[in-house]
Amino acid sequence: MTLKSHFPFLGETLNKPMLSRSNPWDLRGKVALITGGDRGIGRETTKLLHSMGASVAVNFRSSRERAEELKEELGERVEVFQADVSRREEVRAMVQGVVQRMGGVDVLVNNAGITGRMNLQEFREEEFKRMWEVNFLGVLHTSLEVIPHMIRRGGGSIVNVSSVAGLGTSVEGTTFYAVTKAAVISLTKRMALELGPHRIRVNAVAPGWIETDMTIGGRSREEIRAMEEFIEGRTMLRRAGTPADVAGVIAFLASEASSYVTGQVIVVDGGRLDFLTRGG
């Protein structure tokens, strides 16, 4: 599926922003910083926000070539910035660069993340530390650096990418990944509480299994199909998710279409059925 098939209102080209200033989806004049914006969900979000008129700062950790290719594909209003979000000093330099080159930050999408499989009896401390540093501290670091600039601009929108694992899916081997994503959900709600008076909205999306290079990396075609069948059998919609499925929800939360929405977690999982508890 393509972005245009998901969002036909985008018009003839993804590079042409929507024209109506009264349209709450119009992001012209806004600057969006997307961590991990060169791949997967981040890449599709970059394309969608750009099509809505935003100038987009694409963060990458290691693959400058992939980020530059995306910049070339989209053309104007795109800049790329290298930083490992787990390192506060790199994040600080990145945000300073975005502000200097692009004027500020109105939308922050904390998308960068990594995964790892281990259960309690397989606990590997260094692997968990790395997940914690990227998945949780990366969200915290980037938010802390961006918030003062949003306050000066009179508000903004922060969208944190969590996971249904953080809400309690019953998939073996995801215990410690789930811990990092649950922490993101808790942080989202506390940030929304503290930043509301500054007109900064903070929300999270919790994707289910989305087919990206992170989720299928290193797997054979047969293994990928087996995973898809596993997901298809555990969702109401009977299909696996795509990055565009999540990008649309992020775009909603980034735009004025969600101007009265904050402190929320929107699940994007096709209606997953395999949760540990049904408690609210």
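Note that the structure is a prediction, hence the values are computed from the model and not measured.

(A) Representation of the pattern of salt bridges in the model. For the structure shown, the criterion picks out 22 salt bridges. For Asp84, the salt bridge is made with Arg130, and the minimal N-O distance between the two is 3.2 Å. Here Asp84, found in the loop between strand 3 (78-82) and helix 4 (88-102), pairs with Arg130, found in helix 5 (residues 125-152); they are 46 residues apart in sequence, far enough to count as distant. Owing to a relative accessible area of 9%, Asp84 belongs among the buried residues under this scheme. When its relative accessible area of 28% is taken as the criterion, Arg130 is described as partly exposed.

(B) Layout of the layout of surface pockets. Roughly 990 Å³ of internal volume is contained in the largest pocket. What lines the largest pocket is a set of 46 residues, among which Ile114, Thr115, Tyr177, Met214 and Thr215 lie closest to the centre. Size it by volume and the second largest pocket reaches roughly 420 Å³. Lining the second largest pocket are 20 residues; nearest its centre among them are Gly155, Gly156, Arg199, Arg201 and Glu256. At the level of elements, strand 5 (156-161) and strand 6 (200-207) are the ones that each hand at least two residues to the lining of the second largest pocket. The class makeup of the residues in the lining of the second largest pocket is six nonpolar, eight polar and six charged.

(C) Summary view of the side chain of Ser162. If you trace the backbone, Ser162 turns up in the loop between strand 5 and helix 6 (175-195). A distance of 2.8 Å separates a polar atom in the side chain of Ser162 from the backbone oxygen of Lys181. Residues contacting Ser162, with those up to four places away along its chain left out, are Lys181, Val184, Ile185, Val205, Ala206 and Pro207.

(D) Here's a closer look at the packing of aromatic side chains. Here the structure, examined in full by the defined rule, presents six aromatic pairs. A ring pair is formed by Phe128 and Phe176, whose centres lie 5.7 Å apart and whose planes are at 70°; its orientation type is edge-to-face. Placement of Phe128 in helix 5 and of Phe176 in helix 6 is noted, with a sequence separation of 48 residues between them. Here Phe128 and Phe176 have matching classes, each one buried. Among the aromatic side chains, those forming a connected cluster through ring pairs are Phe123, Phe128, Trp132, Phe136 and Phe176.

(E) Expanded view of unusual backbone geometry. The phi dihedral of Arg199 is positive, around 60°, even though this residue is not glycine. Within the fold, Arg199 resides in the loop between helix 6 and strand 6. At Arg238, a residue that is not glycine, the phi angle is positive and equals roughly 60°. Relative to the assigned elements, Arg238 resides in the loop between helix 8 (221-232) and helix 9 (243-254).

(F) Representation of the nonpolar core within the structure. If you look at the biggest cluster of nonpolar residues, it comprises 30 residues, and the most contacted ones within it are Leu49, Val109, Val205, Val246 and Ile250. Looking at this core element by element, the count peaks at seven residues for helix 9. The next biggest cluster of nonpolar side chains, apart from the first, holds 29 residues, and it includes Val98, Val139, Ile158 and Ala183.

(G) Seen up close, helix 4. Along its 15 residues, helix 4 runs 21 Å from first to last C-alpha, staying within 8% of the 21 Å computed at 1.5 Å per residue. Listed in full, the buried residues belonging to helix 4 are Val91, Met94, Val95, Gly97, Val98 and Met102. Mapping the buried residues of helix 4 onto a view down its axis gives an arc of 155°, with all of them on the same face. At the exit of helix 4 stands Gly103, carrying a positive phi of roughly 100°.

Cut-offs and rules
Residues numbered from 1 in each chain as written. Predicted model: local features only at pLDDT ≥ 70, side-chain atom pairs only at ≥ 80, totals over all residues. Heavy atoms only, no water. Salt bridge = Lys/Arg side-chain N within 4 Å of Asp/Glu carboxyl O. Helix = DSSP H or I, 4+ residues; strand = E, 2+ residues; numbered from the N terminus. Buried < 20%, exposed > 50% of the residue type's maximum accessible area, 1.4 Å probe, protein only. 1 Å grid on protein atoms, 1.4 Å probe; cavity = no way out; pocket = protein on both sides within 12 Å on 5 of 7 lines; lining within 4 Å. Points joined across faces, edges and corners; volume = space filled by probe spheres on them. Nonpolar A, V, L, I, M, F, W, Y, C, P; charged D, E, K, R; others polar. Polar contact = N/O pair within 3.5 Å; in protein donor to acceptor, adjacent residues only side chain to side chain. Contact = heavy atoms within 4.5 Å. Phe/Tyr/Trp six-rings, centres within 6.5 Å; stacked < 30°, edge-to-face > 60°. Core = buried A, V, L, I, M, F, W, Y, C linked by side-chain atoms within 4.5 Å. Expected span 1.5 Å × (residues − 1). Arc of directions from axis to C-beta.

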